[in-house]
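The chain contents come next:
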Amino acid sequence: MSSGPIIPRTGIGIDVHAYAPDDAPQPLWLGGLFWEGERGLSGHSDGDPVAHAAADALFSACGIGDLGTHFGTDRPEYAGASGVTLLAEAARIVRAAGFEIGNIAVQFVANRPRFGPRREESQRVLGEAAGAPVSVSATTSDGLGFTGRGEGISATATALVYPSN
């Protein structure tokens, strides 16, 4: 007896981080990469909105909570954790829940850094962490909103997963 068609599931993840204050500077981690000389973001972990949105989209697609459920501020072991580490752990949790990952797509909104020259590097690092293809794109908000004013960075991700059996 056939078990029927494999029905893929999609999820959405959004993550936003403000730039760290000048009196408490942080390194910038974005798209799984360190950005030398750039102002960093505040956060419980490394503040990487691209990696965090990707992980959140995976959880959303599987219906198993969200980033806060798995890595929230009530989990001190994740304080300062790398977004790449969180994405790899999210992928492990998703697979343990009986899903495989088809792909993840992320778009972030920021005035800086200039992302294009490091896009392939970011996609490789995030793809290795997820064990699946990850595409990353960047845009600006034409000076509008908190991203346009240079107050922070936002990222939105989609993920496609499917049952592993």
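Report follows, based on the coordinates. (Residues numbered from 1 in each chain as written. Predicted model: local features only at pLDDT ≥ 70, side-chain atom pairs only at ≥ 80, totals over all residues. Heavy atoms only, no water.)

A word on the packing of aromatic side chains
Applying the stated criterion to the full structure yields five aromatic pairs. Here Phe108 and Phe115 contribute two aromatic rings whose centre-to-centre distance is 5.1 Å and whose plane-to-plane angle is 90°, an arrangement assigned as edge-to-face. The pair Phe108 / Phe115 is uniform in exposure class, with both members buried. The positively charged end of Arg118 is found above the aromatic ring belonging to Trp35, 4.5 Å away from the centroid. (Phe/Tyr/Trp six-rings, centres within 6.5 Å; stacked < 30°, edge-to-face > 60°. Buried < 20%, exposed > 50% of the residue type's maximum accessible area, 1.4 Å probe, protein only. Lys NZ or Arg CZ within 6 Å of the ring centre and 35° of its normal.)

Topic: helix α4 (residues 119-130)
With 12 residues, α4 ought to run about 16 Å at 1.5 Å a step, and its terminal C-alpha atoms sit 16 Å apart, in line with that. Listed in full, the buried residues belonging to α4 are Ser122, Val125, Leu126, Gly127, Ala129 and Ala130. In this structure, the buried side of α4 is in contact with β3 (33-35), α1 (49-62), α3 (83-96), β4 (99-109) and β5 (134-139). Looking one or two places after α4, you find Gly131, whose phi comes out positive at around 70°. (Helix = DSSP H or I, 4+ residues; strand = E, 2+ residues; numbered from the N terminus. Expected span 1.5 Å × (residues − 1). Contact = heavy atoms within 4.5 Å.)

Points about the side chain of Asp46
By the secondary structure assignment, Asp46 is in the loop between β3 and α1. Of the side chains with opposite charge, Arg118 comes closest to the buried, unpaired Asp46, at an N-O distance of 12 Å. Within the structure, Asp46 has its side chain in polar contact with the backbone nitrogen of Asp48 (distance 3.0 Å). Within the local environment of Asp46, its side chain forms a polar contact with the backbone nitrogen of Gly83, the two atoms lying 2.7 Å apart. (Lys, Arg positive; Asp, Glu negative; His and termini not counted. Salt bridge = Lys/Arg side-chain N within 4 Å of Asp/Glu carboxyl O. Polar contact = N/O pair within 3.5 Å; in protein donor to acceptor, adjacent residues only side chain to side chain.)

Some details on the pattern of salt bridges
Following the criterion strictly, the structure yields eight salt bridges and no others. Taking the shortest distance from any N to any O, the salt bridge between Arg92 and Glu89 comes out at 2.7 Å. Pair noted here: Arg92 and Glu89 are both in helix α3, with a separation of three residues, about one helical turn. A relative accessible area of 47% means that Arg92 is categorised as partly exposed.

Some details on the packing of α3 against α4
It is at 7 Å that the axes of α3 and α4 come closest, and there the two elements cross at 35°. Across from Val84, Leu87, Ala88, Ala91 and Arg95 in α3, the residues of α4 making contact are Val125, Leu126, Ala129 and Ala130. Of the residues contributing to the contact of α3 with α4, the split by class is eight nonpolar, no polar and one charged. (Axes fitted to C-alpha atoms, helices over the stretch in contact; angles between N-to-C directions. Nonpolar A, V, L, I, M, F, W, Y, C, P; charged D, E, K, R; others polar.)

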